[in-house]
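Next come the chains, spelled out residue by residue.
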Amino acid sequence: LVAFAAPLVSLGILAALAASPGFQTRSVPGTRRAILDSLEREGTDLLVLGTRLECGSSLVSLLGHMRAGSNAPCAIALVPKIAANLCPVLRSAGVCAIFPLEIEPAKLPEALRATWQGATEDETAAFHPRPDSTAGSVDLSVLTASEREIFHQIGTGASPRIIAARLGISPK
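Owing to the predicted nature of the structure, the values given are computational and were not obtained by experimental measurement.

Caption draft 1: Summary view of the overall build of the protein chain. When helices and strands are counted, the protein chain shows seven helices and four strands. From first element to last, N terminus to C terminus, the protein chain shows the α and β order β-α-α-β-α-β-α-β-α-α-α. Counting all 172 residues of the protein chain, 40% fall into the buried class. Sequence-distant contacts in the protein chain: of pairs separated by 6 or more residues, those separated by 24 or more amount to 61%.

Caption draft 2: Fine view of the nonpolar core. L63, M66 and L90 are the most contacted members of the largest nonpolar core, which totals 21 residues. For this core, the secondary structure elements donating two or more residues are α2 (32-42), β2 (46-50), α3 (56-68), β3 (74-79) and α4 (87-92). Setting aside residues no more than four positions away along its own chain, L63 makes contact with L49, A75, L90, A93 and V95. With 19 residues, the next largest nonpolar core counts C74, A97, L112 and A114 among its residues.

Caption draft 3: Local environment of the sheet that holds strand β4 (residues 97-100). Pairing is parallel in the open sheet, where four strands are placed in the order β1-β2-β3-β4. Both outer strands of the open sheet, β1 (2-3) and β4, are each paired with one neighbouring strand and no more. As defined by bridge partners, β3 adjoins β4 across four bridges and the pair is classed as parallel. Bridge pairing in β4 links L78 to F99. Packing of helix α5 (residues 108-116) onto the sheet brings it into contact with β2, β3 and β4, and relative to β3 it is tilted by some 140 degrees.

Caption draft 4: Geometry of the confidence of the model for the protein chain. For the protein chain, per-residue confidence averages 75 on the pLDDT scale, and residues scoring 70 or more make up 78% of the total. Mean pLDDT across the elements of the protein chain ranges from a minimum in α3, with 69, to a maximum in α5, with 87.

Caption draft 5: Main features of the pattern of salt bridges. Throughout the structure, instances matching the rule amount to three salt bridges. Between E42 and R26 there is a salt bridge; the shortest N-O distance is 3.0 Å. Of this pair, E42 sits in helix α2 while R26 is found in the loop between α1 (7-18) and α2, placing the two residues 16 residues apart along the sequence. Under the relative-accessibility criterion, E42 is labelled partly exposed at 46%. A salt bridge links E104 to K107, with the shortest nitrogen-to-oxygen separation between them at 3.7 Å. Here E104 falls in the partly exposed class, since its relative accessible area comes to 44%. A residue is classified by how much of its surface remains accessible, and K107, at 26% relative accessible area, is partly exposed.

Caption draft 6: Focus on the environment of A125. Mapped onto the secondary structure, A125 falls in the loop between α5 and α6 (145-155). For A125, a relative accessible area of 41% translates into the label partly exposed. Along the backbone, A125 and A111 are 14 residues apart, and their C-alpha atoms lie at a distance of 9.2 Å.

Caption draft 7: Examining the pairing of β3 more closely. Counting buried positions along β3 gives six out of six residues, so the element sits mostly inside the fold. Alternating positions in β3 separate into two faces, C74, I76 and L78 on one and A75, A77 and V79 on the other, with burial throughout.

Caption draft 8: Inspection of the side chain of S38 at higher detail. Inspection of the secondary structure puts S38 in helix α2. Take S38: its relative accessible area is 2%, and that puts it in the buried class. Leave out the neighbours within four places in its chain, and S38 touches L1, R26, V28 and G43.

Calculation criteria
Residues numbered from 1 in each chain as written. Predicted model: local features only at pLDDT ≥ 70, side-chain atom pairs only at ≥ 80, totals over all residues. Heavy atoms only, no water. Helix = DSSP H or I, 4+ residues; strand = E, 2+ residues; numbered from the N terminus. Buried < 20%, exposed > 50% of the residue type's maximum accessible area, 1.4 Å probe, protein only. Contact = heavy atoms within 4.5 Å. Core = buried A, V, L, I, M, F, W, Y, C linked by side-chain atoms within 4.5 Å. Pairing = 2+ DSSP bridges. Axes fitted to C-alpha atoms, helices over the stretch in contact; angles between N-to-C directions. pLDDT = per-residue confidence, 0-100. Salt bridge = Lys/Arg side-chain N within 4 Å of Asp/Glu carboxyl O.

This is the structure we're talking about:
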């Protein structure tokens, strides 16, 4: 089950998994209720969360509801490099593994299979892309103080409404 992914990311994940034997895939619209309904109705062994910055609080809420159930699937998050601050929040919420969204598509099925079979983080490190020596790092100093604060709040799982209230701005 692929959830919370942008449409193109979802299609890419589904295509990579469909090309690998042993995976039956489906995608669910990114609402917490739709995902929980799908899990209850159809069940799943593996939940791939294609995270986006704006869905941090919904992911944490979803994972909390899943843990309360008896048949919670192994949840794996694909996180873009720029959203690395979501990783601790997702781990504490119960995600089994986190891989960079930039993972090579050909490696994705093997990474998911290894995680589902209980591989440790060290054992799955080979699936993470090698750093590109020509690529620059993300420079958050180009953001304003307010933008950095919003970025931090999103990473802690705060909803847009809560962030807006904390910063005294409009949630839109």
